[in-house]
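# Reading the structure
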Amino acid sequence: MPIYYTDSAGSNTAPYDTWAKAATSILTIEALVLNAGDIVYARGSQTISGAGVLTLAASGTNLAMISVIGCDAAGTPNAGQFTLLGDVGNLPAHLVVSSAKTYRRWENITFSGATNRCVYCGNNETGWQWESCIFENSADGISTGSNDVLRQEFEDCIFRNFTSEGVHQATICSFKACAFYNCAIGLNLNNPSTVENCLFRENSDDHIDITTSINNWTIISGCTFDSSSGGSGIKIADACGHIRIRWCRFTNNNQYAIEVVANPDVTVNEDYNGFRLNAAGNRLNIAVGPNSVDLGADGYVDAAADNYSLADAAEQRRVPINLDWA
Amino acid sequence: MTVEGIKTEIQKLAFAAVDSVYRYVIGVRASLKPKPPAPPKWLHKGRMYAFTDPKCNDGDVFENCNLMQVLPDTEIMVGKKMTLKNCQLTNVKLVSGMTIEGGNTCKWDFCSHNHEVFTKFGLPVCKEFCRHWNDEDKVYEDILLGQSPIPKAVAEIGVN
């Protein structure tokens, strides 16, 4: 299980097995055939222009876990971000195009700048894991042409600055301690997923948009939904079922805190949530949870300026977030 | 005149010279009005400025901010100089005075069928089967118009 290295300051010497011999482009590593358990260490920043995209297409077989791990300047894994940066003025359509190969793990990578998507999931790839990654500055963070972003795990990730959606059509995915901000829609769920302890703030449309949920369960718990400038905290489309919303905070949203468009289903319910200052109301077409509260009666004070600023994914892990609680 | 008298005259002249310089300096200082303090250079970090024209001072830095606009080539922060690092600049008109490092400089023709909420921020409402309609796939699609050219002065500095 060899370790490969990539660093723009390396000597670009095969087999790229030390920092000194590091490949100067991760696209060089991509041309190798990697196998299950192989790891790619990457540090610094590399620019992707118009045509080049990272696929890991030649690597391994299905069910082979291959990891790409960002390192700091000293080469310590997971101590800093490795950045794949779109060449501004000549941005690629995508920075990563998934390769129909399952089981890829990405840690401490920043994907920044593409015309269409940071990551394009072309064929319902499954089993991808993302930890402490940042997705930013494109139309979507992760999406497909027409299929779903399927069976992927996101932990301590940041999705920001998208003209459309942070994640489009997530199906059977897990989002844990992620932040979604400065997007149109933060997260679009197309089928059951789990969303826990995430922060949604200052998206211009709905923070979470659930378009389909018919089987199994969508669980949303322990999240903050703050300051949508044009939408709701959670918007649930017609004919969705099996959704549980628990222990969340909904504040300062332009529309509803929780909005069920039509035909409310009894299997969609909320409880133990806190609500305050949602312009159109706290709920539409969903019953009041018996243990939910109006936060105005519970000591909530809306700060003059929220402070959610995060420098990188590592901060997402360790910096306490000002939740405006008095 | 005695030697002592000459010394006394020299001392008087020297004192008068120093005194005049001192008075001149005091006078100049007194005539100078205090300059107004330079506006602070702010670091705007992770802020949501989409669809707005944010307040900006010369030298401000915007980092990981969203400044997108609904219509292509929308001018914002006119006449100011600022650095834009890893910002969402879709449909922002890029002009000299903007130092751009990374980010997104696309120009999109958005369809209101896909972005209903953008109509709240100035996007015109499209008619049914507007120019964004893809009859083959039976969907409305935003149209990518290209990428804004980076202002020359910035390109010479280089990015990344």
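The paragraphs below set out a description of the structure included in this document. In this text the structure is predicted, and so the values were computed from the model without any measurement.

Calculation notes
Residues numbered from 1 in each chain as written. Chains lettered and ligands numbered in written order. Predicted model: local features only at pLDDT ≥ 70, side-chain atom pairs only at ≥ 80, totals over all residues. Heavy atoms only, no water. Helix = DSSP H or I, 4+ residues; strand = E, 2+ residues; numbered from the N terminus. Buried < 20%, exposed > 50% of the residue type's maximum accessible area, 1.4 Å probe, protein only. Contact = heavy atoms within 4.5 Å. Areas by Shrake-Rupley, 256 points an atom, 1.4 Å probe, with all protein chains shown as cover. Buried area = accessible area lost by both parts, 1.4 Å probe. Salt bridge = Lys/Arg side-chain N within 4 Å of Asp/Glu carboxyl O. Nonpolar A, V, L, I, M, F, W, Y, C, P; charged D, E, K, R; others polar. Pairing = 2+ DSSP bridges. Patch = residues over 30% accessible without salt bridge, like charges linked within 9 Å, V, L, I, M, F, W, Y side chains within 5 Å. Polar contact = N/O pair within 3.5 Å; in protein donor to acceptor, adjacent residues only side chain to side chain. Phe/Tyr/Trp six-rings, centres within 6.5 Å; stacked < 30°, edge-to-face > 60°. Lys NZ or Arg CZ within 6 Å of the ring centre and 35° of its normal.

This paragraph deals with the overall build of chain B. The helix and strand tally for chain B stands at two helices and eight strands. Start at the N end of chain B and walk to the C end: the helices and strands fall as α-β-β-β-β-β-β-β-β-α. Across the 160 residues that make up chain B, the buried fraction comes to 34%. Of all intrachain contacts in chain B linking residues separated by at least 6 positions in sequence, the fraction that spans at least 24 positions is 31%. Carbon and sulfur atoms make up 58% of the accessible area of chain B, which amounts to about 10,100 Å² in all.

We now examine the interface of chain B and chain A. With 31 residues of chain B at the interface, the matching set in chain A holds 37 residues. When chain B packs against chain A, the two sides together hide about 2,500 Å² of surface, and 49% of this comes from carbon and sulfur. Taking the shortest distance from any N to any O, the salt bridge between Glu202(A) and Arg47(B) comes out at 3.7 Å. Among the secondary structure elements, those contributing two or more residues to the side of chain B that touches chain A are β5 (106-109) and β8 (143-147) of chain B. A class-by-class count of the residues in the side of chain B that touches chain A yields 15 nonpolar, 13 polar and three charged.

Residues and elements named next belong to chain A. Tracing the chain through its elements places Val 195 in strand β20 (residues 194-196). Accessibility expressed as a relative area gives 0% for Val 195, which makes it buried. Each C-alpha atom of the pair Val 195 and Arg 160 lies 17 Å from the other, and the pair is 35 residues apart in sequence. With near-sequence residues (within four places) excluded, Val 195 lies in contact with Phe 175, Leu 187, Leu 189, Phe 200, Ile 208, Ile 219, Ile 220, Ser 221 and Cys 223.

Right, let's get into the sheet that holds strand β5 (residues 82-86) of chain A. Residues and elements named next belong to chain A. Read from one edge to the other, the open sheet built from 11 strands follows the order β3-β5-β8-β11-β15-β18-β21-β24-β27-β30-β32, with strand pairing classed as parallel. With one partner strand each, in any of the chains shown, β3 (45-48) and β32 (293-294) form the two edges of the open sheet. Of the pairings in the sheet, the one linking strand β11 (residues 134-138) to strand β15 (residues 158-162) comprises four bridges and is parallel in character. Across the sheet, residue Phe 135 finds its bridge partner in β15, namely Phe 159.

Moving on, we come to a nonpolar patch on the surface. Judged by side-chain polarity, Val21(B), Tyr24(B) and Val25(B) come together as a nonpolar surface patch covering roughly 310 Å² of accessible area. Tracing the sequence through the fold places Val25(B) in helix α1 (residues 3-31).

What follows concerns the environment of Asp60(B). All names here are of chain B. If you trace the backbone, Asp 60 turns up in strand β2 (residues 60-63). The class of Asp 60 is buried, set by a relative accessible area of 0%. Taking the C-alpha atoms as reference, Asp 60 lies 66 Å from Gly 5; in sequence the two are 55 residues apart. Of the polar contacts made by the side chain of Asp 60, one reaches the backbone nitrogen of Trp 42; its length is 2.8 Å.

Moving on, we get to the packing of aromatic side chains. The way to describe two aromatic rings as a pair is by their centre distance and the angle between their planes. Residues and elements named next belong to chain A. Enumeration over the complete set of coordinates arrives at 27 aromatic pairs over all chains. Look at Phe 111 and Trp 130: their rings are 5.8 Å apart centre to centre, the planes differ by 75°, and that puts the pair in the edge-to-face class. With a gap of 19 residues between them, Phe 111 in strand β8 (residues 109-112) and Trp 130 in strand β10 (residues 129-131) connect regions that are remote in the sequence. For Phe 111, a relative accessible area of 0% corresponds to the buried category. For Trp 130, a relative accessible area of 1% corresponds to the buried category. Between the aromatic rings of Phe 154 and Phe 175, the centroid separation amounts to 4.8 Å while the plane-to-plane angle is 5°, which identifies the pairing as stacked. Of this pair, Phe 154 sits in strand β14 (residues 153-155) while Phe 175 sits in strand β17 (residues 174-176), and the two are 21 residues apart along the sequence. Both residues of the pair, Phe 154 and Phe 175, count as buried. In this structure, Arg 43 is placed above the aromatic ring of Trp 19, and the distance from its NZ or CZ to the ring centre is 4.2 Å. Over the face of the ring belonging to Tyr 181 we find Arg 201, whose NZ or CZ atom lies 3.8 Å from the ring centre.

Residue and element names in this part refer to chain A. All chains considered together, the criterion is met by 13 salt bridges over all chains. Residue Arg 283 pairs with Glu 270 through a salt bridge whose shortest N-O separation is 2.6 Å. Remark: Glu 270 occurs in strand β29 (residues 268-271) and Arg 283 occurs in strand β31 (residues 281-284); sequence separation between them is 13 residues. What you see here is one network of salt bridges that share partners, running through Arg 105, Glu 107 and Glu 131.

From the geometry alone we can't say anything about function, so treat these as descriptive.
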